[in-house]
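# Close look at the chain arrangement
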Amino acid sequence: MLNKELEKALNEQILKEAEASFSYLSMAVWCEFKGLEGSARFFYRQSDEEKLHMMKLIGYMLEMDTKPIVPSIQVMTNDYTSVQSIFEKTLTQEQSVTQSIHNLITLANKDNDYATQNFLQWYVSEQREEESMIRKILDKIKLIGEGPMTLYYIDKEMERINQEILSQEGEAAV
Ligand SMILES: [Fe+2]
Ligand SMILES: [Fe+2]
């Protein structure tokens with residue numbers, strides 16, 4: 001069994017991953033509605049990934065003989081103003097998730113819970129990779145400069161990034 005404080009914090013993390021999943025889903029929907037198919041594909045995949053992060057936490061808690069709480073999610077905004085602002089929001093969101101993972105590890109350390117510390121290490125690298133990827137994309141968008149004439153190129157660039165991620169995943173699977 002997990003310690004009560006840790007159980008509560010892990011349940012909060014499940015909620016955060018679920019919120020991230022739905023937030024990315026709403027971004028994907030906004031992009032697709034605007035005809036930005038490359039960006040939409042990127043966010044649909046991110047949304048699926050966040051769901052996996054949530055499921056991993058649920059699985060871990062069950063493995064530790066602790067019943068996880070399946071969260072309910074509020075309606076997400078679908079009112080974004082630009083691709084750049086979406087990625088800026090994404091970065092802030094990911095930074096907040098990173099912070100909560102670090103807080104979870106501090107809690108697990110306090111409790112000498114080595115299994116949970118070990119389990120959470122996967123999230124530490126995942127967050128580092130995600131933040132770095134989002135920063136790179138934001139740099140690209142700023143370089144291209146967002147306007148009616150450049151959205152097409154931004155979306156092409158997103159499609160190129162999608163291909164890159166797909167080929168990395170393919171390599172990892174081999
Ligand atoms: Fe996540
Ligand atoms: Fe994430």
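Before reading on, note that the structure itself is shown above.
Presented here is an overview of the structure given in this document. Source: prediction; values computed, not measured. (Residues numbered from 1 in each chain as written. Chains lettered and ligands numbered in written order. Predicted model: local features only at pLDDT ≥ 70, side-chain atom pairs only at ≥ 80, totals over all residues. Heavy atoms only, no water.)

## A word on the coordination of the iron ion (ligand 2)
Protein coordination at the iron ion (ligand 2) comes from E50 (OE), E94 (OE), E94 (OE) and E130 (OE), with a distance range of 1.9 to 2.5 Å. Between the iron ion (ligand 2) and the iron ion (ligand 1), both coordinated by E50, there is a metal-metal distance of 3.3 Å. In this pair, E94 is assigned in helix α3 (residues 83–110) and E130 in helix α4 (residues 114–144), connecting sequence segments 36 residues apart. Both residues of the pair, E94 and E130, belong to the buried class. (Donors = N, O, S within 2.8 Å, 3.2 Å for Na, K, Ca; no water. Helix = DSSP H or I, 4+ residues; strand = E, 2+ residues; numbered from the N terminus. Buried < 20%, exposed > 50% of the residue type's maximum accessible area, 1.4 Å probe, protein only.)

## With respect to the pattern of salt bridges
Inspection of every chain in the model, using the stated rule, returns eight salt bridges. Among the salt bridges present, the one from K8 reaches E12, with a minimum N-O distance of 3.3 Å. Of this pair, K8 and E12 are both found in helix α1 (residues 4–33), four residues apart, which corresponds to roughly one turn of the helix. The partner of R135 in a salt bridge is E131, and the shortest N-O contact between them spans 3.0 Å. Of this pair, R135 and E131 both sit in helix α4, four residues apart, roughly one helical turn. E131 sits in the buried class, given a relative accessible area of 11%. Each of K140, E157, R160 and E164 takes part in salt bridges that share partners, so that together they form one network. (Salt bridge = Lys/Arg side-chain N within 4 Å of Asp/Glu carboxyl O.)

## A word on the coordination of the iron ion (ligand 1)
Bound to the iron ion (ligand 1) on the protein side are E17 (OE), E50 (OE) and H53 (ND1), at distances that span 2.1 Å. Read in sequence order, the donor residues coordinating the iron ion (ligand 1) give the pattern E-x32-E-x2-H.

## Some thoughts on helix α5 (residues 151–173)
Counted at 1.5 Å a residue, the expected span for α5 with its 23 residues is 33 Å, and the 33 Å between its end C-alpha atoms agrees. Packed against the buried residues of α5 are α2 (37–63), α3 and α4. (Expected span 1.5 Å × (residues − 1). Contact = heavy atoms within 4.5 Å.)

## Some thoughts on the packing of aromatic side chains
In total, this model carries nine aromatic pairs according to the counting rule given. Their ring planes at 85° and their centres at 6.2 Å tell us that W30 and Y80 sit as a pair that is edge-to-face. Of this pair, W30 sits in helix α1 while Y80 sits in the loop between α2 and α3, and the two are 50 residues apart along the sequence. Just as W30 is buried, Y80 falls in that class too. Between the aromatic rings of F42 and F87, the centroid separation amounts to 5.6 Å while the plane-to-plane angle is 45°, which identifies the pairing as tilted. Residue F42 is located in helix α2, and its partner F87 is located in helix α3; the two are separated by 45 residues in the primary sequence. In this pair, the class of F42 matches that of F87, namely buried. Here the basic side chain of K56 rests over the ring of W122, its NZ or CZ set 4.3 Å away from the ring centre. (Phe/Tyr/Trp six-rings, centres within 6.5 Å; stacked < 30°, edge-to-face > 60°. Lys NZ or Arg CZ within 6 Å of the ring centre and 35° of its normal.)

In short, the description is geometric, and any link to function would need to be established separately.
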